[in-house]
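Examining the three-dimensional arrangement
Here is how the chains run, residue by residue.
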Amino acid sequence: MQSTQKVKMLKVKARYDWKSTKRWFRYKYLLLLRAKGGPSKVARGFSIGLAIEMFTLPTAGFAFVLIFPLVYLLRANLPAALIGFVFGKVIYIPFSILNKQVGNWLVPKHFKIYLIHHLPHMLSNIVRSGLDLIVGGMVVGLILGIIAYFPVMLLLKLHTDRRKEKRRIRKDQLVPSHTNE
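Heads up: these notes are all about the structure in this document.

Rules used throughout
- Residues numbered from 1 in each chain as written.
- Predicted model: local features only at pLDDT ≥ 70, side-chain atom pairs only at ≥ 80, totals over all residues.
- Heavy atoms only, no water.
- 1 Å grid on protein atoms, 1.4 Å probe; cavity = no way out; pocket = protein on both sides within 12 Å on 5 of 7 lines; lining within 4 Å.
- Points joined across faces, edges and corners; volume = space filled by probe spheres on them.
- Helix = DSSP H or I, 4+ residues; strand = E, 2+ residues; numbered from the N terminus.
- Nonpolar A, V, L, I, M, F, W, Y, C, P; charged D, E, K, R; others polar.
- Contact = heavy atoms within 4.5 Å.
- Buried < 20%, exposed > 50% of the residue type's maximum accessible area, 1.4 Å probe, protein only.
- Patch = residues over 30% accessible without salt bridge, like charges linked within 9 Å, V, L, I, M, F, W, Y side chains within 5 Å.
- Areas by Shrake-Rupley, 256 points an atom, 1.4 Å probe, with all protein chains shown as cover.
- Salt bridge = Lys/Arg side-chain N within 4 Å of Asp/Glu carboxyl O.
- Lys, Arg positive; Asp, Glu negative; His and termini not counted.
- Charge placed at Lys NZ, Arg CZ, Asp CG, Glu CD.

1. Some details on the layout of surface pockets
The computed volume of the largest pocket comes to approximately 470 Å³. Lining the largest pocket are 18 residues, with Lys 28, Tyr 29, Leu 32, Leu 33 and Ile 83 positioned closest to its centre. Contributing elements (two or more residues each) for the lining of the largest pocket: α2 (18-33), α3 (38-53), α5 (78-106) and α7 (121-174). Considering every element that reaches the lining of the largest pocket, the biggest residue donor is α2, with 7 residues. Taken together, the residues of the lining of the largest pocket sort by class into 15 nonpolar, 1 polar and 2 charged.

2. A word on the environment of Phe 55
Here Phe 55 shows up in the loop between α3 and α4 (67-73). Along the chain, Phe 55 and Asn 99 lie 44 residues apart, while their C-alpha atoms are 8.5 Å from each other. Once you skip the residues sitting within four places of it in the chain, Phe 55 turns out to touch Ala 63, Leu 66, Ile 134, Gly 137 and Met 138.

3. Some details on the side chain of Asn 77
Relative to the helices and strands, Asn 77 resides in the loop between α4 and α5. Relative accessible area serves as the criterion here: at 10%, Asn 77 is assigned to the buried category. With residues near it in sequence (within four places) discarded, Asn 77 still touches Leu 32, Ala 35, Lys 41, Val 42, Gly 45 and Val 71.

4. With respect to a positive patch on the surface
Together, Arg 26, Arg 34, Arg 162, Arg 163, Lys 164, Lys 166, Arg 167 and Arg 170 line one region of the surface with positive charge. At 6 residues, α7 tops the list of elements feeding residues into the positive patch. Residue position: Arg 26 is located in helix α2.

Below, the structure is given as structure tokens:
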């Protein structure tokens, strides 16, 4: 009798509780929305992550390391920067074409030739294929980060204002009205 109950208990515990995962993500989302420093800090973090992602692929992921000092120096929110970094991965493919064109436009041809002839063979192949992407990604990433800052900031402020308004309405409903009786 007891062994069948134990088997049933094991089956119940073996299932994964998706509700707790959903609840954890919701909790982290709310922490992000209510982060100290307000919407500005979160929007800065998102912009940093997005900008860094635009040139991290040709650097073999080394640019990811730049997120940490930039978040610290610009007093941004690290979780928001990581979210911006992941969002940048989603939109990277269409922007890589733009990165390559901008890099090709900005990097002088004689500079590429100079680097290819004065670097070791393996490194010159990397430079030849990635220099345009890196330079273009830095420029496009900087512009994209600045542009992304404003809508994210606006959305977060809108959310904060809505939350404050709801709290004010609830508080007004709880306070008994002073009517003449």
